[in-house]
Amino acid sequence: MFGAVPRDPVKLEGRVLYLTDDVAWVRRQLAGETLQWPVEQALRAAISTDEITPGWVCFHYDETLGRYCLIGLAGEAITQDTSTLENPAILDQLGQTY
């Protein structure tokens, strides 16, 4: 009845955080490693934004919100309040990109 809808390709620039089933791969990415598409690791399915960003995080309305936005990831991939801009591996990558 309905045919396939043609779609324009999507091009992503910069780093992408792939939420893999194996939390060790998430940690490696957060430490600065970049995975290339297609990702060989199994990706998580049925991800809930309520899981990733618990309700208490939303009480923050300043830069604190950004510091906790992924705190709910399964497997405790993020275990402390560490700003992206305090991570030396990410700072190094940003310096190479911009």
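Each remark here, short or long, concerns the structure printed above.
Described below are features of the structure shown in this document. (Residues numbered from 1 in each chain as written. Predicted model: local features only at pLDDT ≥ 70, side-chain atom pairs only at ≥ 80, totals over all residues. Heavy atoms only, no water.)

**A closer look at the overall build of the protein chain**
Okay, step 1: Assigned secondary structure in the protein chain consists of four helices and zero strands.
Okay, step 2: Listed N to C, the secondary structure of the protein chain is α-α-α-α in terms of helices and strands.
Okay, step 3: Here the protein chain holds 98 residues, and 22% of them are scored as buried.
Okay, step 4: Sequence separation of 24 or more characterises 33% of the internal contacts of the protein chain that already satisfy a separation of 6 or more.
Okay, step 5: Total accessible area on the protein chain is roughly 7,700 Å²; 56% of this is exposed by carbon and sulfur atoms. (Helix = DSSP H or I, 4+ residues; strand = E, 2+ residues; numbered from the N terminus. Buried < 20%, exposed > 50% of the residue type's maximum accessible area, 1.4 Å probe, protein only. Contact = heavy atoms within 4.5 Å. Areas by Shrake-Rupley, 256 points an atom, 1.4 Å probe, with all protein chains shown as cover.)

**Topic: the nonpolar core**
Okay, step 1: In this structure, Leu19, Val26, Ile52, Leu73 and Ala77 together form the largest nonpolar core, which totals five residues.
Okay, step 2: Not counting the four nearest positions on each side in its chain, Ile52 is found in contact with Leu19, Ile47, Cys69, Leu70, Ile71, Gly72 and Leu73. (Core = buried A, V, L, I, M, F, W, Y, C linked by side-chain atoms within 4.5 Å.)

**Looking at the side chain of Gln29**
Okay, step 1: Along the chain, Gln29 turns up in helix 1 (residues 23–30).
Okay, step 2: On the accessibility criterion, Gln29 (3% relative accessible area) is buried.
Okay, step 3: The residues contacting Gln29, other than those within four sequence positions of it, are Arg15, Val16, Leu17, Tyr18 and Leu35.

**A look at the packing of aromatic side chains**
Okay, step 1: Within this structure, the stated rule accounts for one aromatic pair.
Okay, step 2: Ring plane angle 20° and centroid distance 5.8 Å describe the contact between Tyr18 and Trp37, whose orientation is recorded as stacked. With Tyr18 in the segment before helix 1 and Trp37 in the loop between helix 1 and helix 2 (49–52), this residue pair connects regions lying 19 residues apart in the sequence. (Phe/Tyr/Trp six-rings, centres within 6.5 Å; stacked < 30°, edge-to-face > 60°.)

**Side note on unusual backbone geometry**
Okay, step 1: A cis amide bond links Trp37 to the next residue, Pro38, at an omega of 0°.
Okay, step 2: You can see Pro38 is positioned in the loop between helix 1 and helix 2.

**A word on the pattern of salt bridges**
Okay, step 1: Counted under the stated rule, the structure contains one salt bridge.
Okay, step 2: For Glu33, the salt bridge is made with Arg28, and the minimal N-O distance between the two is 2.8 Å. (Salt bridge = Lys/Arg side-chain N within 4 Å of Asp/Glu carboxyl O.)

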